[in-house]
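Residue-level listing of the chains:
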Amino acid sequence: MDWGRAKSVLIYAFLVLNLLLCYQLWLDLRDQASANLDFTSLSEETKAVMEQKGIRVLCPIPAATPQLPPITYRYSGEEQTAPPVALKEPVDSALIYSSFSELSKLLEPEISDIANYRFYQNESEPGKHVLHPLVDNKWPLFRVKLELINSDQKIVAYRHPQIELGAAGGGDEVQKVLPASQALSSLIEKSFPADSVVNAIELGYYGELFNSESQVASPMWRFMLQDGSAYYVDAITADIISPKTTE
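Every value quoted in this text rests on a predicted model; they were computed, and no experiment measured them. (Residues numbered from 1 in each chain as written. Predicted model: local features only at pLDDT ≥ 70, side-chain atom pairs only at ≥ 80, totals over all residues. Heavy atoms only, no water.)

Visitor: Quick question: what am I supposed to make of the side chain of S185 here?
Guide: Among the structural elements, S185 can be located in helix α5 (residues 180-190). Classification of S185 by relative accessible area gives buried; the value is 11%. Dropping the residues within four chain positions of it, S185 is found in contact with L42 and T46. (Helix = DSSP H or I, 4+ residues; strand = E, 2+ residues; numbered from the N terminus. Buried < 20%, exposed > 50% of the residue type's maximum accessible area, 1.4 Å probe, protein only. Contact = heavy atoms within 4.5 Å.)

Visitor: Where do I start with the confidence of the model for the protein in this structure?
Guide: Reading fine detail from the predicted coordinates is not recommended where pLDDT is low. With 76% of its residues at a pLDDT of 70 or more, the protein has an overall mean of 83. Residue range residues 26-36 is modelled with pLDDT below 50. Its contacts to residues more than four positions away, or to other chains, number 3 contacts. (pLDDT = per-residue confidence, 0-100.)

Visitor: Quick question: what am I supposed to make of the packing of aromatic side chains here?
Guide: Two descriptors summarise a pair of aromatic rings, namely the distance from one centre to the other and the angle between the planes of the rings. Following the criterion strictly, the structure yields 4 aromatic pairs and no others. With a centroid separation of 5.8 Å and 55° between ring planes, the pair formed by F142 and Y232 is classed as tilted. One end of the pair, F142, is in the loop between β7 (139-140) and β8 (146-151); the other, Y232, is in strand β14 (residues 230-234), with 90 residues separating them in the sequence. Judged by centre distance (4.7 Å) and plane angle (70°), the rings of Y206 and Y232 are edge-to-face. Residue Y206 is found in strand β12 (residues 197-206), and its partner Y232 is found in strand β14; the two are separated by 26 residues along the sequence. (Phe/Tyr/Trp six-rings, centres within 6.5 Å; stacked < 30°, edge-to-face > 60°.)

Right under this line is the structure:
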């Protein structure tokens, strides 16, 4: 047997196989990206504006349009300006990335409702992790936040919002939210500055941050840009709240 020739044939076969596998992987990733981003939900006019303004969307465009009512809540923002409350026992901050359920169990003795919060890495910054409370264990209340203060890779303190969620509206107030693609199209055409990069799109609730006996929060689509700015679109009325609006 000509071992040299056999070796060459095997090497050639492996090269061809690797090329085929790489090509198939590329096709799968391309199809997955197309399916996830779902640019087909945007009109040709919107796509043209995206290209003209250099706007990019690097996250999936949600397709779900659930029926959500407005909610009522009471909020006290005094703790946001108060010194943070020190933990009795510091906790490894890496748990917020690797096992939030384990972190919740460790912090539950001091932050009893922490399991009803969701961690938002794109809003966090060095020395502070940001979490938002969840309505019905699913929809974030965007403007209200729990802050976990960390130092030397340990969570050492926290600022806990004083919030009380009321009953959701019912009857005629429960409406199907507008599609995220429609809200996104409106922002692309009217509000986003040139070269904006959209990193996250999420449905939740938006409430004002002032002390009051009772406030109403409406369902909102939130669009987070790469520069950290947030744009909100009312999921019922389609009204836009931009960073300039909230200042």
